Amino acid sequence: MVYNMDNRVLHTLEFDKIMHLLAGYAASDVGRELCISTQPSHRLDQVHTLLRQTSEAEGYLACGGQPPVESFEDIRPLLKRIHACLSLSMGELLYVAHCLRVSRQARERLTQRETQGLLKHMASQLSAHRSVEEEIARCILSEDEMADAASHALANVRRQMRIVNERAREKLNNMVKSVSFQKYLQEPIITIRNGRFVLPVKQEHRMQVPGLIHDQSGSGATVFIEPMAVAELGNEYKRLSGLEEEEIARILAELTALCQPYADELCQSIGILGELDRIFAKASFARGMCAKEANISQQGVIRIKVGRHPLIDKDKVVPINLLMGDTINTLIITGPNTGGKTVTLKTIGLFALMTQAGLFIPAEEGSSMKIFGAVYADIGDEQSIEQSLSTFSSHMKNIVHTLENANENALVLLDEVGAGTDPVEGAALAMSILDELHARGCITIATTHYSEIKAFALSRPGMENASMEFDVDKLSPTYRLFIGIPGKSNAFEIAERLGLQPNVVKNARAFLKREDIQFEDVIQQAQAQQKKADEERREALQYRYEMEGLRQKIQEEKNKIESARALLYQKAREEARAVVRESREEMAQLIAGLRKMKNIDNKALEQAIQAARDGIRKKEAELTDPIAQDFSDRASPKQVRAGDTVRVISLGQNAIVLKPADARGEVRIQAGIMKMHVKLTDLRLTEDTHKQEAYSVKFMPDSGGAFSQTLDVRGKLVDEALIEVDRYINDALIYGRTEVQIIHGKGTGALRTGIHAYFKQHPRVKSYRLGNYGEGDAGVTIAEL
């Protein structure tokens, strides 16, 4: 699983500190040991597996779950004793029962999840023997107490012991309470010595209390005597105590034998529990420092977005952004001391090691890392007096080791490369080392102060300069990393601000070569331009965020106005409909009164009534039209239900859902008299979804009238028949009828056709059909209101 990573490199990059932090999130000693011993893997498939395990655990915790593995003891040494047929103590068997319970609960918690995953597969291999667990818990109450119910024999022995104990105490109490006997006692109490009941007798009266002396006080003034009256009871109690110990030993052997068949399985479960504990520790660690999973780049690209060093307080650390591996293989970072160059090196190295160990990195989503075969780091001053190595020699020893082993799959981190010797020779040596690593295809990141190396990086394809920003005015670093611009040491500016005499600084500048001065000036101008560009970019981002917020606010206000307009429009139409209904009711009452009057031309009256009804019906139809709604900014629903009112975008009209979407995403609807299938994405929910309007008449007809279920219009002209049909339907609604029959006869079919055409446009006729056999066949039309 792992490759032999140099422990010196792990220590240099402080990977061991990360592992100790990780161990703090583990619940068990086994998990903590695994966390501390964690090493990165160099195999792509294993890294993917490790990250997927952490991702599944993080998802489990994100759903509100607690880590499924509780604290448990490492009982593997006890399991070896079980194999050797040695009985375990009560405390040791309780440890075994606890591990069985932890294993069973972890298995249940992880296998109950519906989705398949690596953690579920691991949990399915955990042992779950509830009967063994419960039997141990039934028999053993604590580390030093066996339950009476552990066996019938043990219960019987303990019952006899209690009886003997009570009898002995009763006799001793009688002696202690005796007035004549109390003068022999040092204190009127009963105590125990060597498992026997004794009385504290004064030394001078020991002959007056016949019995066995079991002990005496340190001063010799008191002797502890077991009176002869209770000696037999003491012997009996001692015998029963022996039987109790033998029975307990037998029960312990029996419980140990009960565990023996599952010892190997339980040993495997301890290993799996420890690994699960480590995985969930990684997930908890990631959540604790707001870390995200890094994508594994197949192209070898390193992209760090707002990366933070995991050992620095996240409220104080300055994040870095980095992109390497696509066109840049070597990065030269320059800048003043204490400017953050070394922290940047360690951050990049730690991110690589953490990713390959299955840990998330403290960076934003979208960050990616390459899988390295090895990581080499030469960071810090490793001067050794014992080995007679200077700073330069210790650096060279590390670099020699790196050059002997590094290839295109290596990450090389060099701090102050070429330092510790003559600057000219050191710069030349550093350029040669960097050129060699660059030629091999290594991902190399180095820090330096040498101007020659800055110029060298500018002339090599695939190499790039970077710098750590320094605030000269405040004499403090900002720790911000700039890619593409070499850094400036700012030695003269810092010295001058710290109080060095101006003439000394001026003379120092005079010693610089003209080329060096021009190069430093170019760097200074580039840094100023970079800073200005960054400020403008931040301002532009701020403006964009403000505009986005303003746009969202305007859209919300627009939606509120549209909603208010729709509500007002709906309210006005509801009021208008109420007026129409009231008019209709008044007209119905008026018509009822007119029909009772005599000497009126009935034909003219019916025509006037029909005209008035047609006018009211037309107005009512206008008011019952759906309100025009804007569906342009509405998303298609994820699902609809039968009976929902929807807008069909392609048809531009409303429809009723008959059946919800099928497997192909098609919904069966009815638009008018048409029934069809449309795509769910072509539908939008309307404001009237799930709403139904019911119209009712608020007055009762004349109680003296009678209503017939059928109307016979045979022999009448179409116009005359329609007047009667219209009046009949209105009366049917008043009486609360939902179905009527119109007898029109067969004949030429003209009367039937006219009535059907009338029903088709009538707003109160839900449906109509010809009569069935026994109902009048084609001579009758049945209408549903």
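One can find the structure itself at the top, above this paragraph.
Residues numbered from 1 in each chain as written. Predicted model: local features only at pLDDT ≥ 70, side-chain atom pairs only at ≥ 80, totals over all residues. Heavy atoms only, no water.

Asker: How would you sum up the packing of aromatic side chains? Please name residues and give values.
Answerer: Applying the stated criterion across every chain, the model contains 6 aromatic pairs. Its guanidinium or amino end placed over the ring of Phe 224, Arg 193 lies 4.1 Å from that ring's centre, counting from NZ or CZ. (Phe/Tyr/Trp six-rings, centres within 6.5 Å; stacked < 30°, edge-to-face > 60°. Lys NZ or Arg CZ within 6 Å of the ring centre and 35° of its normal.)

Asker: Give a description of the pattern of salt bridges that names residues and reports values.
Answerer: Summed over all chains, the structure comprises 31 salt bridges. Across the pair Glu 70 and Arg 101 runs a salt bridge whose closest N-O atoms are separated by 3.4 Å. Taken as a pair, Glu 70 in the loop between helix H4 (44-62) and helix H5 (76-83) and Arg 101 in helix H6 (residues 90-111) lie far apart in primary sequence, 31 residues in all. The exposure class assigned to Arg 101 is partly exposed, which follows from its relative accessible area of 24%. In this structure, the salt-bridge partner of Asp 712 is Arg 714, at a minimum N-O distance of 2.8 Å. Judged by relative accessible area, Asp 712 falls into the partly exposed class, the value being 38%. Residue class for Arg 714 comes out exposed when judged on its relative accessible area of 51%. A single salt-bridge network, built from bridges that share partners, covers Asp 148, Arg 158, Arg 162 and Glu 244. (Salt bridge = Lys/Arg side-chain N within 4 Å of Asp/Glu carboxyl O. Helix = DSSP H or I, 4+ residues; strand = E, 2+ residues; numbered from the N terminus. Buried < 20%, exposed > 50% of the residue type's maximum accessible area, 1.4 Å probe, protein only.)

Asker: Go over the sheet that holds strand S23 (residues 739-743), please, and point to the residues and values.
Answerer: With mixed pairing, the 4 strands of this open sheet are ordered in space as S22-S23-S25-S24. Of all strands in the sheet, those bounded by a partner on one side alone are strand S22 (710-712) and strand S24 (767-770). When the angles between neighbouring strand axes are averaged without regard to direction, this sheet yields 20°. As paired elements, S22 and S23 share 3 bridges and run parallel to each other. (Pairing = 2+ DSSP bridges. Axes fitted to C-alpha atoms, helices over the stretch in contact; angles between N-to-C directions.)

Asker: Please set out the packing of H6 against helix H12 (residues 263-288) residue by residue, giving values where relevant.
Answerer: Packing of H6 against H12 brings their axes to within 10 Å, and their N-to-C directions diverge by 55°. Taken together, the axis directions place H6 and H12 in an arrangement best described as oblique. The chirality of how H6 crosses H12 is left-handed. Taken together, the residues of H12 that come into contact with H6 (itself represented by Val 96, Cys 99, Leu 100, Val 102, Ser 103, Ala 106 and Leu 110) are Leu 266, Ser 269, Ile 270, Leu 273, Leu 276 and Phe 280. Partitioned by chemical class, the residues of the contact of H6 with H12 number 11 nonpolar, 2 polar and no charged. (Parallel < 35°, antiparallel > 145°, perpendicular 65-115°, else oblique. Left-handed = near helix turned anticlockwise from the far one by under 90°. Contact = heavy atoms within 4.5 Å. Nonpolar A, V, L, I, M, F, W, Y, C, P; charged D, E, K, R; others polar.)

Asker: Mind laying out the nonpolar core, listing which residues take part and the relevant values?
Answerer: Counting 52 residues, the largest nonpolar core has Leu 13, Ile 304, Leu 322, Met 354, Met 369 and Ile 445 as the members making the most contacts within it. Per-element accounting of this core gives the leading share, 7 residues, to helix H13 (residues 341-356). The contact partners of Leu 322, leaving out residues within four places of it in the chain, are Ile 302, Arg 303, Ile 304, Leu 331, Ile 348, Ile 445 and Ile 483. By size, the runner-up hydrophobic cluster in this structure holds 45 residues, among which are Ile 75, Leu 79, Ile 82 and Cys 259. (Core = buried A, V, L, I, M, F, W, Y, C linked by side-chain atoms within 4.5 Å.)

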